[in-house]
Amino acid sequence: MPSRTKKTEQPEDASMEDVPTSAQPDQETGDAMQEDEFAENGGSGNGEEEEDTVQRVRILPGSSPTAASFEFLEEGHTLGNALRYIIMKNPDVEFCAYSIPHPSEAKMNIRIQTYDTTTATAALAKGLKDLEDLCDVVADKFWTERNRFTEAGRMESD
Amino acid sequence: MDYDAMDMDTEALGPAVKISEADSTHVNFELSNVDLSFANSLRRIIQAEVPTVAIDLVEFMANTSVLADEFIAHRLGLIPLDSRNIKDMPMARDCDCGGHCDKCTVILTLHAKCLGDEIMNVHASDFSVSSARPNQTVGNPIITDPEGLGPLICKLRKGQELHIECMAKKGIAKEHAKWMPTSAVGFEYDPHNKLHHLDLWYETDAEAEWPKSKYADWEDPPQEGEPFDYDAVPNRFYFEVESAGNIDPDAIIQLGISELQQKLAKLITGLGEKSNIDDQYDGPQSPGAMDDGAMYQNDGYQTAYGNGGAQSAWGGGATAYGTTPYGNSGQGGWS
Ligand SMILES: [Zn+2]
């Protein structure tokens with residue numbers, strides 16, 4: 001039997017202001033579990049910088065200085081694979097891999113094992129920095145080439 | 001460059017970009033001397049994380065057309081809106097207003113009623129865009145057809161009416177595809193399939209049945225009887241980026257890279273506040289701050305090393321030791 005829409009006590013359409021903004025939930029209605037776990041910022045109590053400083057990386061239990069697993073929130077293959085590659089390029093790193101443990105959780109894990117010459121945390125920090133440098137180079141190369149291409153096009157049409 | 005100093009065989013040359021075609025709607029370029037993982041990150045980020053504006057909320061004052069409200073609302077979301085100057089516009093959820101305001105929302109209104117006997121076409125060009133918005137280009141419907149009409153929204157017969165007010169907001173395609181700046185992104189490498197990343201299906205002869213990509217001429221075809229190179233990795237990536245019109249194609253690439261950099265910068269800042277990373281609930285001590293003899297145990301978690309991985313809720317069999325490094329370090333892990 002087809003489901004029927006029940007008439008409720010709302011003869012008029014709700015005005016635009018009363019309607020929650022569709023796909024963009026309010027701060028309070030965000031994922032409650034994630035807020036419990038991560039938004040507290042360690043509960044250190046200094047509420048000066050609440051917004052934007054939600055901690056998005058943590059070390060998973062069971063790590064040592066040279067072998068650690070990091071959990072990233074709200075990250076996926078976009079960051080994971082490129083970061084894994086660049087960390088693996090570090091000669092002080094013995095092993096690096098990433099995984100997304102479950103597709104319906106927006107979490108990405110990176111495992112780093114280093115030689116005694118550095119620490120896993122340092123290798124991660126260096127990886128992030130190196131990837132940023134790589135982005136700089138690619139962005140610069142692309143824009144230089146774009147300018148060259150448009151310039152060449154202009155010369156041709158003259 | 002730090003990574004330049006490392007041993008990078010062909011990558012030692014550094015990344016290179018070569019544009020082969022470009023106009024207002026698309027850009028074709030070759031990105032070389034980078035890893036597949038990085039090239040793929042670039043592809044993913046320009047498709048899913050470059051912000052644009054799109055209609056997100058529609059109020060129907062009148063709709064007597066043959067199309068249902070939600071049907072029209074869905075169409076409206078997909079209309080490309082000018083997002084070139086989106087920088088000074090915050091995401092609505094990050095805006096101080098808490099709902100919508102002139103800074104984070106563009107209001108588009110449309111009121112059409114068919115009075116004549118002819119069927120009336122309602123186009124995106126019929127929108128009137130409110131002037132109270134971050135700047136005077138953001139949110140304008142993109143109109144590229146020679147008639148200057150823009151996308152068709154619906155058709156009205158005599159007496160039918162459509163009166164709507166739409167709120168356009170900033171967003172990314174990770175949330176909804178209507179925020180995609182690209183209509184298509186071509187991504188290919190190894191046109192001769194020398195790396196055997198593809199297993200081509202065939203009736204009798206794969207070589208004859210699969211047409212070659214136009215980039216096949218750019219690379220040397222395999223030699224007769226050439227042995228398989230087990231060390232070869234993809235090195236040249238061919239992008240064909242097609243803009244939906246809301247952002248120029250070259251700017252999409254630029255914004256994509258800067259989006260990735262912002263992502264990294266935020267993480268670096270987060271890591272920089274050293275205390276934070278370990279400060280989480282049940283997190284371990286900072287490895288750096290730890291004495292040699294320290295135990296890496298807390299809150300009843302066993303270390304993944306000591307117990308063969310059976311007990312830890314986190315570590316255990318899921319540590320790197322438990323999985324094969326081959327599947328992860330090779331080229332199989334990307335998607
Ligand atoms: Zn606002």
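This one's a predicted model, so the numbers in the text were calculated from it and none came from an experiment. Along each chain, residues carry numbers from 1 onward, in the same order as the chain's sequence is written. To label them, take the chains in the order written and letter them from A, then take the ligands in the order written and number them from 1. With the structure being a predicted model, the display of local features is reserved for residues of pLDDT at least 70 and the display and counting of side-chain atom pairs for 80 or more, all residues being used for whole-chain, interface and lining totals. Only hydrogens and water are set aside; all other atoms, that is, all heavy atoms of the structure, feed into the side-chain values.

Asks: What is the right way to read the overall build of chain B from this model?
Replies: Numbering of helices and strands runs from the N terminus, with a helix taken as a DSSP run of H or I at least four residues long and a strand as a DSSP run of E at least two residues long. Counting secondary structure elements, chain B contains 7 helices and 10 strands. The buried share of chain B, taken over its 335 residues, is 44%. In what follows, a contact means two residues having at least one pair of non-hydrogen atoms within 4.5 Å. In chain B, once contacts between residues fewer than 6 apart in sequence are set aside, the share between residues at least 24 apart is 73%. Using the Shrake-Rupley algorithm and a 1.4 Å probe, accessible areas are obtained, with residue cover drawn only from the displayed protein chains. Total accessible area computed for chain B in this model is approximately 17,200 Å², and 51% of it derives from carbon and sulfur atoms. For each residue, the accessible area found with a 1.4 Å probe, counting protein chains only, is set against the maximum for its type, and the residue is called buried under 20%, exposed over 50%, and partly exposed in between.

Asks: How should I be thinking about the UniProt feature "domain: DNA-directed RNA polymerase RBP11-like dimerisation" (unreviewed entry) in chain A in this particular structure?
Replies: UniProt positions are given in the numbering used here, feature names are shortened, and annotations may be inferred rather than shown by experiment. Per the UniProt entry, the sites bearing "domain: DNA-directed RNA polymerase RBP11-like dimerisation" (unreviewed entry) are residues 68–140 of chain A in this numbering. Measuring from the first to the last C-alpha atom of residues 68–140 of chain A gives 34 Å, for a span that is 45% helix and 29% strand.

Asks: Would you take a moment to explain the coordination of the zinc ion for this structure?
Replies: Each angle at a metal carrying four tetrahedral donors should ideally be 109.5 degrees, and each at a metal carrying six octahedral donors should ideally be 90 or 180 degrees. Residue and element names in this part refer to chain B. Each metal site lists N, O and S donors within 2.8 Å (3.2 Å for Na, K and Ca). With water left out of the atoms, a site can look as if it is missing ligands. In the first shell of the zinc ion, the protein supplies Cys95 (SG), Cys97 (SG), Cys101 (SG) and Cys104 (SG), at 2.2 to 2.3 Å from the metal. Only four donors with every angle between 85 and 135 degrees are called tetrahedral; only four or six donors with opposite donors over 155 degrees apart and all others between 65 and 115 are called square planar or octahedral, in that order; all others are irregular. Metal-centred angles of 104 to 114° between the 4 donor atoms at the zinc ion mark the site as tetrahedral. Summarised as a motif, the one-chain spacing of the donors to the zinc ion is C-x1-C-x3-C-x2-C. We classify Cys95 as buried; its relative accessible area is 11%.

Asks: I would appreciate a short explanation of the sheet that holds strand β1 (residues 57–59) of chain A in the present structure.
Replies: Adjacent strands of a sheet form backbone hydrogen bonds with each other and so pair up, either parallel or antiparallel. Residue and element names in this part refer to chain A. Paired strands, in this sense, are two strands between which DSSP finds at least two bridges. On the basis of which strands lie adjacent, the open sheet formed by 4 strands has the order β1-β2-β4-β3 and antiparallel pairing. The open sheet is flanked by β1 and β3 (93–99), the only strands paired with a single partner. Put simply, the sheet's adjacent strands are angled 20° from each other on average, direction ignored. Between N-to-C directions, angles cover 0 to 180 degrees, with each direction set by a line fitted to C-alpha atoms, over the stretch in contact for helices. The sheet strands contacting helix α2 (residues 77–88) are β2 (67–73), β3 and β4 (107–114), and the helix crosses β3 at an angle near 170°. Along the sheet face, helix α3 (residues 120–157) touches β1, β2, β3 and β4 and points at about 45° away from the line of β2.

Asks: What exactly am I supposed to notice about the UniProt feature "domain: DNA-directed RNA polymerase RpoA/D/Rpb3-type" (unreviewed entry) in chain B here?
Replies: Residues annotated by UniProt as "domain: DNA-directed RNA polymerase RpoA/D/Rpb3-type" (unreviewed entry) correspond here to residues 26–270 of chain B. Between the end C-alpha atoms of residues 26–270 of chain B there is a gap of 36 Å, over a span that is 20% helix and 27% strand.

Asks: Can you help me understand the nonpolar core in this one?
Replies: One recurring pattern in soluble globular proteins: nonpolar side chains tend to sit buried together. We define a nonpolar core as any set of buried Ala, Val, Leu, Ile, Met, Phe, Trp, Tyr and Cys residues linked to one another through side-chain atoms lying within 4.5 Å. Counting residues in hydrophobic clusters, the biggest one holds 55 residues, and the most contacted among them are Phe72, Leu83, Ile112 and Leu124 of chain A together with Phe29 and Phe239 of chain B. If one sorts the elements of this core by residue count, α3 of chain A sits on top with 9 residues. Other than its neighbours up to four places away in sequence, Leu83 of chain A contacts Phe72, Ile110, Leu124, Gly127, Leu128 and Leu131 of chain A.

Asks: I'm lost on the pairing of β3 of chain A in this one. Help?
Replies: Residues and elements named next belong to chain A. Most of β3 is tucked away, with 5 of its 7 residues classed as buried. With 6 bridges joining them, β3 and β4 adopt antiparallel strand pairing. Its bridge partner lying in β4, Val93 is registered against Thr114.

Asks: For this particular structure, what's the right way to read the side chain of Thr114 of chain A?
Replies: Residues and elements named next belong to chain A. Take Thr114: it is sitting in strand β4. Judged by its relative accessible area of 6%, Thr114 falls in the buried class. In terms of polar contacts, Thr114 uses its side chain to reach the backbone carbonyl oxygen of Thr118, at 3.1 Å. In contact with Thr114, other than residues within four places in its own chain, are Thr66, Asp92, Val93, Glu94, Thr119, Ala120 and Ala123. Here a polar contact is recorded for every N or O atom pair within 3.5 Å, except that within protein the pair must consist of a potential hydrogen donor and a potential acceptor, and residues adjacent in sequence are included only if both atoms are side-chain atoms.

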